[in-house]
Amino acid sequence: MTAPHRPSLDSIAEARARIAPHLARTPLVKLDLDLPDRQIFLKLETLSPIGAFKLRPALNAVLSRDPASLCNGVAITSSGNMAYGMAWAARLAGVPMVAYMYRGAPQTKIDGVRALGGEVRFISMETWWDYIIGADRPEAPELLINPVTDQAVLDGNGSIGMEIAEDLPDVDVVLTPYGGGSMTTGVASAIKAVSARAQVFAVEDDSAAPVTAALAAGEIVTIDTRPSFIKSIGGPSLVPQLWPIAKKLIDGAIAISPAEITEAMRLLFRKAKIVAEGAGAASLAAAIARPDLTGNVVCVISGGNIDAEAYSTVLAGGIPAA
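The structure reproduced in this document is the subject of the present report.

Thresholds applied
Residues numbered from 1 in each chain as written. Predicted model: local features only at pLDDT ≥ 70, side-chain atom pairs only at ≥ 80, totals over all residues. Heavy atoms only, no water. Pairing = 2+ DSSP bridges. Helix = DSSP H or I, 4+ residues; strand = E, 2+ residues; numbered from the N terminus. Axes fitted to C-alpha atoms, helices over the stretch in contact; angles between N-to-C directions. Core = buried A, V, L, I, M, F, W, Y, C linked by side-chain atoms within 4.5 Å. Buried < 20%, exposed > 50% of the residue type's maximum accessible area, 1.4 Å probe, protein only. Contact = heavy atoms within 4.5 Å.

Turning our eyes to something else, we now look at the sheet that holds strand E3 (residues 74–77). Strands sit in the order E5-E4-E3-E6 across an open sheet of 4 strands; the sheet is parallel. Edge strands, defined here as strands with exactly one partner in the open sheet, are strand E5 (119–123) and strand E6 (143–145). Here the average twist between neighbouring strands, direction ignored, is 25°. As paired elements, strand E4 (residues 97–102) and E5 share 5 bridges and run parallel to each other.

Take the nonpolar core next. Of all hydrophobic cores here, the largest spans 64 residues; its most connected members are Ile76, Met86, Met97, Val174, Ile191 and Val298. Per-element tally for this core: the top contributor is helix H3 (residues 81–93), with 8 residues. Every residue in contact with Val298, bar those within four places of it in the chain, is listed here: Leu28, Phe41, Lys43, Ile164, Leu168, Val171, Val173, Val174 and Leu175. Counting 35 residues, the second-largest nonpolar core is a separate cluster that includes Leu31, Phe229, Leu267 and Ala287.

Sheet architecture is open: 6 strands sit in the order E1-E2-E10-E7-E8-E9, paired in mixed fashion. Every other strand in the sheet has two partners, leaving strand E1 (28–31) and strand E9 (253–256) as the edge strands with one partner each. The sheet shows a mean angle of 30° between the axes of neighbouring strands, taken without regard to direction. Bridging between strand E8 (residues 199–205) and E9 involves 4 bridges; their strand directions are parallel. Along E9, the bridge assignment pairs Glu204 with Ala255. Helix H6 (residues 151–167) contacts E1, strand E2 (38–44), strand E7 (173–177) and strand E10 (295–301) of the sheet and is inclined by roughly 135° relative to E2. The sheet contacts of helix H10 (residues 258–272) involve E1, E2, E8, E9 and E10, and relative to E9 the element is tilted by about 90°.

A word on the environment of Ala193. Inspection of the secondary structure assignment puts Ala193 in helix H7 (residues 182–194). Under the relative-accessibility criterion, Ala193 is labelled partly exposed at 41%. Between the C-alpha atom of Ala193 and that of Ser8, which follows or precedes it by 185 residues, the distance is 8.1 Å. Aside from chain neighbours lying at most four places away, what touches Ala193 is Arg6 and Leu9.

Here it is as structure tokens:
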């Protein structure tokens, strides 16, 4: 696996230009919560054609490749939204697509991949993680694109940060959900390149918060996790190839409970009629939980692909089963 590096503004700008013909700019909207010391803005990646930010990195990863390398198709290891995005990008490029997913991934994301012509191959959680960290890889002819460490993925994610900086030059804080870390790294690379004062925080589900644990320990550690309905963030550890870059870019981590996240999901629906999945609402939950983060606070609402049954539980005031 080739070691990734921090995306430059030039590489982010190139990625943005590459994907722009296929992906409309997502809006940055103000959420009026009548807070005296901070104004919250939402970067609505839920309005992507696939309902999540992952279309950006998927498109850039496919469109930046030599077409000859795609002759056998593309493959991705993903629990959902990146697989969905890669299926969309592969269909655009006219090549076959395979998603390696673990059983228990959200059905709406499995269905989304298949509806776009992608093939789903189920693997164990252990094998899934080995593919992501590069400890193993499938014996298959497709081009396997790493969803976390691929450089084109990082550059594509940086386009989110570039748009935030353009739309809100005086941004003070950016909150990003942290799963594998590619979105946080891309966004922070763009934000930190243009603003000396803006802070970027990684937001986690406290059921599985490896960034918080790594910052406390001063190194990557393996943690115990609790079952959670939130599937797109958190895990037992961090991707070792990306962490050295991410830790230099973030200003800290915020671990939020599923109860706080579901309340943020309800708030998004009630105040703005925005449907967000758990990971997508985590940044808003963090903004509410941390009153010390003041000024112009941007929450990246990363995705809205949640199963209808789980979402109905949330709107009824509950927390979906893990």
